[in-house]
Amino acid sequence: MLPEPPQARRLSIEHRARSVPNRRPFVGALLFSVVFYLSLVATVGSLFAVILLATKASAIAFGVCIGINVFTWLISYLKRRGASCPLCKGTPYVDTGAHKHIKAERLFPLNYGTSNLLRSLFVQRFRCPYCGTPFDMLKKVDRQLRSGAHR
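Summarised in this report is the structure supplied together with it. (Residues numbered from 1 in each chain as written. Predicted model: local features only at pLDDT ≥ 70, side-chain atom pairs only at ≥ 80, totals over all residues. Heavy atoms only, no water.)

### Comments concerning the environment of Tyr130
Within the secondary structure, Tyr130 is located in the loop between strand E2 (125-127) and strand E3 (134-136). Overall, the relative accessible area of 15% leaves Tyr130 in the buried class. Taking the C-alpha atoms as reference points, Tyr130 and Leu87, separated by 43 residues in sequence, lie 9.9 Å from one another. Leaving out residues up to four positions away in the same chain, Tyr130 has contacts with Cys88, Gly90, Thr91, Val94, Asp95, Thr96, Ala98, His99, Lys100 and His101. (Helix = DSSP H or I, 4+ residues; strand = E, 2+ residues; numbered from the N terminus. Buried < 20%, exposed > 50% of the residue type's maximum accessible area, 1.4 Å probe, protein only. Contact = heavy atoms within 4.5 Å.)

Next up, the structure:
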């Protein structure tokens, strides 16, 4: 069997996703973001109830939903801000004004942070928009490499 050319090996290394050393901040950010989006759906539903029913109870429900929305948005934002890229320490779930990497990906109507949030939620992978490194949240962390020991 012929050895692999160095250029082909370099390309395959660039396309491999890294593991996330600490998944807890990312999972927390995903969980609270889902709660926030569900509270948005509840707010829209209560708005329709206010429009169609025009009762005091539906108005109170709408006001409560707005309060829950503000609270869940704040918690979601803080959790998304706490999930930082292991390499560049950027925030892949919050879109800042920093310059994006050429390999950064986004879904058209959304920004980079929301695109990464949805990608992480559905396929458990995301690409840091600031350093361009792909991450796989399901990939196991190689403990030998993490501790600094070489093979």
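### Regarding the environment of Glu105
Among the structural elements, Glu105 can be located in the loop between helix H3 (56-82) and helix H4 (112-123). The spacing of Glu105 and Asn116 is 11 residues in sequence and 8.2 Å in space, taken between C-alpha atoms. Excluding residues that lie within four positions of it along the chain, Glu105 makes contacts with Tyr112, Ser115, Arg119 and Arg127.

### So, the sheet that holds strand E1 (residues 18-19)
The three strands are arranged E1-E3-E2 in an open sheet whose pairing can be described as mixed. Each end of this open sheet is capped by a strand with a single partner; those strands are E1 and E2. Pairing between E1 and E3: two bridges, direction parallel. Paired with Arg18 across the two strands is Phe135, which belongs to E3. (Pairing = 2+ DSSP bridges.)

### Section: the side chain of Ser115
Mapped onto the secondary structure, Ser115 falls in helix H4. When its relative accessible area of 0% is taken as the criterion, Ser115 is described as buried. In this structure the side chain of Ser115 is engaged in a polar contact, spanning 2.8 Å, whose partner is the backbone oxygen of Asn111. (Polar contact = N/O pair within 3.5 Å; in protein donor to acceptor, adjacent residues only side chain to side chain.)

### Examining the packing of aromatic side chains
Throughout the structure, instances matching the rule amount to six aromatic pairs. The interplanar angle of 25° and the centroid separation of 5.4 Å between the aromatic rings of Phe126 and Phe135 together place this pair among those described as stacked. Grouping residues by exposure puts Phe126 and Phe135 together as buried. Among the aromatic residues, those joined into a ring-pair cluster are Phe26, Tyr93, Phe126 and Phe135. Its guanidinium or amino end placed over the ring of Tyr112, Arg106 lies 5.9 Å from that ring's centre, counting from NZ or CZ. (Phe/Tyr/Trp six-rings, centres within 6.5 Å; stacked < 30°, edge-to-face > 60°. Lys NZ or Arg CZ within 6 Å of the ring centre and 35° of its normal.)

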